[in-house]
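The primary structure of each chain is shown beneath.
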Amino acid sequence: LDRDVDLAEVLLMPRGDRSRYFGKTARDRFAEWCNYKATIILPVTNDLSTRLFDALLAGMVPVVPSGIPDFDSLIPRETQIELGVVRIDSFALTDLKAATVEALRNFDSQGATGVLNRHCYVLENHMLINRVTSMLYSLWMHGQGAVSIEFGDGNWGPALYQVRPD
């Protein structure tokens, strides 16, 4: 690695041995995350990784690719800006470096208040209770006839989709 990535700490684990991270207790893993200001979220297939919520919960500023379809529907753009989230359109090293610098600036300018805001945002909006509540609300809406379930080939491929009657 050259000087262009001196902002990053890259920790690699051998394919067959993930104990450097998973051998730690949940508390120790969270403490490790809290030692960083920012993280780059690199999706496997434009998926919205739980790492995003772990990062926000730890107070970090995430750098997130623009191509993740679920992200804007879960966290509105205005809220992303308030939380200091940095969006990227490219994985080129120069673009990742610029985004990392921006994320670090966002972290520093928002300070402890930003850390607390990111942490509280996840606690108040993206925990298991929020997911269960959303699922129960969807079921209630279906029971009320406000939505129906239809098979379709939509944004996420062939699947069952919840639709509102016209």
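Residues numbered from 1 in each chain as written. Predicted model: local features only at pLDDT ≥ 70, side-chain atom pairs only at ≥ 80, totals over all residues. Heavy atoms only, no water.

Engineer: Could you clarify how one ought to interpret helix α6 (residues 93–125) in this entry?
Structural biologist: Structurally, the α-helix is built with 3.6 residues per turn, so residues lying three or four positions apart point the same way. Look at α6: only 33 Å from first C-alpha to last across 33 residues, short of the 48 Å you get at 1.5 Å a residue. Roughly 105° is the biggest bend found in α6, and it falls at Gly111. Listing the buried residues of α6 in full gives Leu96, Ala99, Thr100, Ala103, Asn106, Phe107, Gly114, Arg118, Tyr121 and Val122. Of the surrounding elements, those touching the buried residues of α6 are β1 (38–40), α3 (50–57), β2 (61–65), α4 (69–74), α5 (77–83) and β3 (86–88). (Helix = DSSP H or I, 4+ residues; strand = E, 2+ residues; numbered from the N terminus. Expected span 1.5 Å × (residues − 1). Bend = angle between axes of the 7 residues up to and from the residue. Buried < 20%, exposed > 50% of the residue type's maximum accessible area, 1.4 Å probe, protein only. Contact = heavy atoms within 4.5 Å.)

Engineer: In this structure, what is going on with the packing of α3 against α6? I would like to understand it.
Structural biologist: Each pair of packed helices can be described by the angle between their axes along with the distance between the axes. Where α3 contacts α6, the two axes come as close as 7 Å, and the packing angle between them is 130°. As judged from the angle between their axes, α3 and α6 are oblique. For the pair α3 and α6, contact is made by Phe53, Leu56 and Leu57 and by Arg118, His119, Val122 and Leu123, respectively. For the contact of α3 with α6, the residue count by class is 5 nonpolar, 1 polar and 1 charged. (Axes fitted to C-alpha atoms, helices over the stretch in contact; angles between N-to-C directions. Parallel < 35°, antiparallel > 145°, perpendicular 65-115°, else oblique. Nonpolar A, V, L, I, M, F, W, Y, C, P; charged D, E, K, R; others polar.)

Engineer: Help me understand the nonpolar core in this model?
Structural biologist: For soluble globular proteins, nonpolar side chains are generally found buried alongside one another. Formed by 14 residues in total, the largest nonpolar core has its most connected members in Leu52, Leu56, Val64, Phe71 and Ile75. Of the residues forming this core, the biggest block, 4 residues, is contributed by α3. In this structure, Val64 is in contact with Ile41, Leu52, Phe71, Val85, Val86, Arg87 and Ile88, ignoring residues within four places of it in sequence. Counting residues in each nonpolar core, the second largest holds 8 residues, with Val86, Ile88, Ala99 and Phe107 among its members. (Core = buried A, V, L, I, M, F, W, Y, C linked by side-chain atoms within 4.5 Å.)

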